[in-house]
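The primary structure of each chain is shown beneath.
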Amino acid sequence: MSANVAAHDDHHDHGPEKGIVRWIVTTNHKDIGTLYLAFALVMFFVGGTMALIIRSELFEPGMQFVDPQFFNSMTTMHALVMVFGAVMPAFVGLANWQIPMMIGAPDMALPRMNNMSFWMLVAGVLLLASTLFMEGGAPAGGWTLYPPLVLQTGDALPFAIFSVHLLGISSIMGAINVIATIFNMRAPGMTLMKMPLFVWTWLITAFLLIAIMPVFAGAVTMLLTDRFFDTSFFDAAGGGDPVLYQHIFWFFGHPEVYVMILPTFGVASTIIPVFARKPLFGYASMVYATAAIAFLSFIVWAHHMFTVGMPVAGELYFMYATMLIAVPTGVKIFNWTATMWKGAMTFETPMLFSIAFVVLFTMGGFTGLMMAVAPVDFQYHDTYFIVAHFHYTLVPASIFILMAAGYFWLPKWTGNMYNERIGKLHFWLSAISVNILFFPQHFLGLAGMPRRIPDYAVQFADWNMISSIGAFIYGFSQLLFVYIVIDTIRGGTGEKVTDEVWEDAKKHSLEWTLPSPPPYHSFTTPPEKIPTEHF
Amino acid sequence: MNEDLKQKNTRLIKKLMFVVLGMFGFGYALVPIYDVFCDITGLNGKTAEEAVQEGVYQVDVSRELTLEFVTSLNKKAPLKFSSEVKKMKLHPGKYYTVNFYAENLTDKKMLARAIPSVTPGLAAEFLKKTECFCFSEQEFKPLERKVMPVRFVIDPKIPERFKTVTLAYTFFDNTETSVKN
């Protein structure tokens, strides 16, 4: 295939279209990657604003700013926007930019579908956002959309459901594209076990996506027909069972959390070796651990529903199966630590975020292990403890790594160096405030404060106030990142970066062999040599 | 893009689309799978949906269990619903009859359905009902008050570990959605 690729007329090195049209009709993986990343960043602030509304209301006990219905809409929409609008699209954006460059391919395998899946995502999120202005308000029953509560949503319900359909189709198309690219477009000599880990984790994530998004689409379609077409999937009066929804939802929902964390692992495994100036420790075990986590994610779902009244046998099975996940995850933490061990480490911003990720994600992992213990989960269930747990695995993990990826690859993508001093300031503000924000929530949860409530008993006042202060510092310090991104695109520090940007990065992965910024069409002829540092 | 690669992509997309459709179907297949699974294992506390034949059991006077009754209404169904007793002591193998009362608080005809649930779930299969208002949809005339007896027996085979069993009924107002309309 190699010789023919360059000869075909798709691959004349024509530049992009001019003006706004470029961004609408583009089929270039770099343009689409940029669109995804920009969109995700905007949604990060939309979802963040909702979080700040929540934290403002919880700053003090009593009702201050919003009515309870709107508060519940905020918790629901915050989650949906962050999961489907920010984190997932951000990783798809990274995949678009990086996968072709990392495997030596000229573009994604299915460029037109790539464009379509981005615009479908925009349509889905707009549809979701429109529910905020509808009679009866946006969905307010939690992002899990449990019946029968969610069926009480006003006019917004069908729109929220169609929005989930659109987002699902968009993710599935993106996933198919990633799989096709990785299977069919790798440079000669790049066997599966020579792929960078970011590519590996995305390959596995893509398989998770095509397995679970259709199940979720099915579950919400059942909600739709229950509400409008008199079916009784989840309606006990007609012989259905609301608990059935929880089983179907979490069959999707548990792998979904790994959709957000596996690419995170991939980026961390890419960044840490570069700044430790060592090959990644245990490459093969990283691949197998990722696959093991993905497999286990399908057989542990009911640990989200220990309190629905499962028999002891069920509780025990899901408890032990869940604890098993700590093994491959522990392998990963061990490997990252071993990679840093005796490395010639430097602490540029991407590395700082990555180290913080390793530490703070481990904490999130441990609280997860606590909740895997079924009998104690009865105390933690639906309290702020679970809120603290999953925010530790998402904010200082996925979000920190997305920030790290931004700092790591922006110089490559733009050819300009970002401002390291502001980058470090962003890191320290984020790392400190994220703990002020989420750590007290452990205490609140253990003391019994339930999640998704707009008001609370006065005994919870102090830690809530501290948490809210942390939230505002964290939220506003993210504006530094926006500043840095814009500043870097417009020239940054003025220092022109080299092709490999970071010392010896060329040894780790292919994108650093390209010029910075890379040409609009890269690897129109496949690279001759692939880096072998990670073996 | 050369033809060879295009073909490879098309073949792969077809396979992956097959997975997608298969998983969509699997989501729906979970509905019957769940029912069958619960049927076999008796996990979710559902009692038989039809009356069982009145069999003869050896009454075990040496054992005494507590049976509790819970009556509730879904979404403020306009009914008054209660049981004759809140709880009772009983011997496995002996037949008992307990009256339940429901009153239609509206001046319209009402169709309502009671759904039973037993806690702990695994005790459900030992609670055998020969007569129950939950076996069919109940029709209430305007403001009608009904006395609805439930006749049941606890199978003496019920394991020792069950000391207290709760039988809960929730009444659903099905007037608008019932097929009988």
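None of the values given here were measured: they were computed from a predicted structure.

### Describing the overall build of chain B
- Regarding its fold elements, chain B presents 1 helix and 9 strands.
- In chain B, the succession of α and β elements from N to C terminus is α-β-β-β-β-β-β-β-β-β.
- Compactness check: chain B gives a C-alpha radius of gyration of 24 Å against a globular reference of 16 Å for 181 residues, more than 25% above the reference.
- Projected onto its principal axes, the C-alpha coordinates of chain B cover approximately 80 × 50 × 25 Å.
- Relative to all contacts within chain B whose residues are 6 or more apart in sequence, the contacts with residues 24 or more apart total 78%.

### Overview of the interface of chain A and chain B
- In this complex, chain A contributes 32 residues to the contact, which on the side of chain B involves 31 residues.
- At the level of secondary structure, the elements contributing two or more residues to the side of chain A that touches chain B comprise α1 (2-7), α6 (156-184), α7 (197-228) and α8 (242-276) of chain A.
- For the side of chain A that touches chain B, the element with the most residues is α7(A), which contributes 7 residues.
- In the side of chain A that touches chain B, the residues fall into 22 nonpolar, 7 polar and 3 charged.

### Here's the deal with the packing of α8(A) against helix α9 (residues 283-296) of chain A
Residues and elements named next belong to chain A.
- For the pair α8 and α9, the least separation of the axes is 11 Å and the interaxial angle reads 175°. Looking at the two axes, α8 sits roughly antiparallel to α9. Within the contact between the two elements, α8 uses Y258, L262, F265 and S269 and α9 uses M286, T290, I293 and A294.
- Here the contact of α8 with α9 is composed, by residue class, of 6 nonpolar, 2 polar and no charged.

### Considerations on the environment of A:M323
Residue and element names in this part refer to chain A.
- Position of M323 among the secondary structure elements: in helix α10 (residues 312-324).
- For M323, a count of 15 C-beta atoms within 10 Å gives the class partly exposed.
- Along the primary structure M323 and G368 are separated by 45 residues, whereas in three dimensions their C-alpha atoms are 8.9 Å apart.
- Excluding residues that lie within four positions of it along the chain, M323 makes contacts with L369 and A372.

### Observations concerning helix α14 (residues 384-414) of chain A
Residue and element names in this part refer to chain A.
- By the largest-angle criterion, F408 marks the main kink of α14, which is about 35°, and a proline, P411, follows within four residues.
- Among the 31 residues that make up α14, 27 are buried, leaving the element largely enclosed by the rest of the structure.
- Positive phi appears at G415, one or two residues downstream of α14, with a value of about 80°.

### A word on helix α15 (residues 420-447) of chain A
All names here are of chain A.
- Over its 28 residues, α15 runs 41 Å from end to end, which matches the ideal 40 Å to within 8%, given 1.5 Å per residue.
- At I436, α15 shows its largest kink, close to 25°, and the proline P440 lies no more than four residues downstream.
- At the C-terminal side of α15, G448 shows a positive phi close to 105°.

### Focus: the sheet that holds strand β8 (residues 145-154) of chain B
Residue and element names in this part refer to chain B.
- Pairing within the open sheet is antiparallel, and its 4 strands lie in the order β2-β4-β8-β6. Lying at the two open borders of the sheet, with one neighbouring strand each, are β2 (79-83) and β6 (127-131). The sheet shows a mean angle of 30° between the axes of neighbouring strands, direction not considered.

### Here we look at the pairing of strand β9 (residues 164-173) of chain B
Residue and element names in this part refer to chain B.
- Burial analysis of β9 places 7 of its 10 residues in the buried class, which makes it a mostly covered element.
- Note: strand β1 (residues 65-73) against β9, 8 bridges, orientation parallel. When the bridges of β9 are listed, F69 appears paired with L167.

### Describing the domain arrangement of chain B
- Examined at the domain level, chain B breaks down into domain 1 (1-41) and domain 2 (65-173).
- Each of domain 1 of chain B and domain 2 of chain B has a C-alpha centre, and the two are 43 Å apart.

### Here's the deal with the nonpolar core
- Residues A:V199, A:I210, A:A219, A:I401 and A:A404 are the most contacted members of the largest nonpolar core, which totals 176 residues.
- Every residue in contact with A:I401, bar those within four places of it in the chain, is listed here: A:T264, A:V267, A:A268, A:F353, A:S354 and A:F357.

### Topic: the sheet that holds β1(B)
Residues and elements named next belong to chain B.
- Sheet architecture is open: 5 strands sit in the order β3-β1-β9-β5-β7, paired in mixed fashion. Edge positions in the sheet fall to β3 (87-90) and β7 (138-140), since each of these pairs with one other strand and no more. Direction aside, the axes of adjacent strands within the sheet are offset by 25° on average.
- In the sheet, strand β5 (residues 110-119) pairs with β9 via 8 bridges, with the strands oriented antiparallel. Paired with A114 across the two strands is F171, which belongs to β9.

### Re unusual backbone geometry
- Cis geometry marks the peptide bond from A:S516 to A:P517, where omega comes out at -10°.
- Tracing the backbone through its elements, the reader meets A:P517 in the segment after α16 (461-489).
- Geometrically, the link from B:T119 to B:P120 is a cis peptide bond, its omega value of -10° lying close to zero.
- Even without a glycine there, the phi angle at A:L145 is positive, about 55°.
- Assessed through the 23 C-beta atoms surrounding it within 10 Å, A:L145 is described here as buried.
- In this structure, A:R452 is a non-glycine residue whose phi angle is positive, near 55°.
- Relative to the elements of secondary structure, A:R452 occurs in the loop between α15 and α16.

### Here we look at the packing of helix α11 (residues 326-340) of chain A against helix α12 (residues 349-372) of chain A
All names here are of chain A.
- The interhelical angle for the contact between α11 and α12, taken along N-to-C directions, is 160°, at an axis separation of 11 Å. Between α11 and α12, the angle falls in the class roughly antiparallel. Seen along the crossing, α11 lies across α12 with a hand that is left-handed. Residue-level inspection shows A326, T329, I333, W336 and T337 of α11 in contact with α12, the latter providing V358, T362, G365 and L369.
- Residues belonging to the contact of α11 with α12 are distributed by class as follows: 5 nonpolar, 4 polar and no charged.

Scoring rules and cut-offs
- Residues numbered from 1 in each chain as written.
- Chains lettered and ligands numbered in written order.
- Predicted model: local features only at pLDDT ≥ 70, side-chain atom pairs only at ≥ 80, totals over all residues.
- Helix = DSSP H or I, 4+ residues; strand = E, 2+ residues; numbered from the N terminus.
- Rg over C-alpha atoms; globule rule 2.2 N^0.38 Å.
- Contact = placed C-beta atoms within 7 Å.
- Nonpolar A, V, L, I, M, F, W, Y, C, P; charged D, E, K, R; others polar.
- Axes fitted to C-alpha atoms, helices over the stretch in contact; angles between N-to-C directions.
- Parallel < 35°, antiparallel > 145°, perpendicular 65-115°, else oblique.
- Buried ≥ 20, exposed ≤ 12 C-beta atoms within 10 Å, placed from the backbone.
- Bend = angle between axes of the 7 residues up to and from the residue.
- Expected span 1.5 Å × (residues − 1).
- Pairing = 2+ DSSP bridges.
- Domains from an automatic or database assignment.
- Core = buried A, V, L, I, M, F, W, Y, C linked by C-beta atoms within 7 Å.
- Left-handed = near helix turned anticlockwise from the far one by under 90°.

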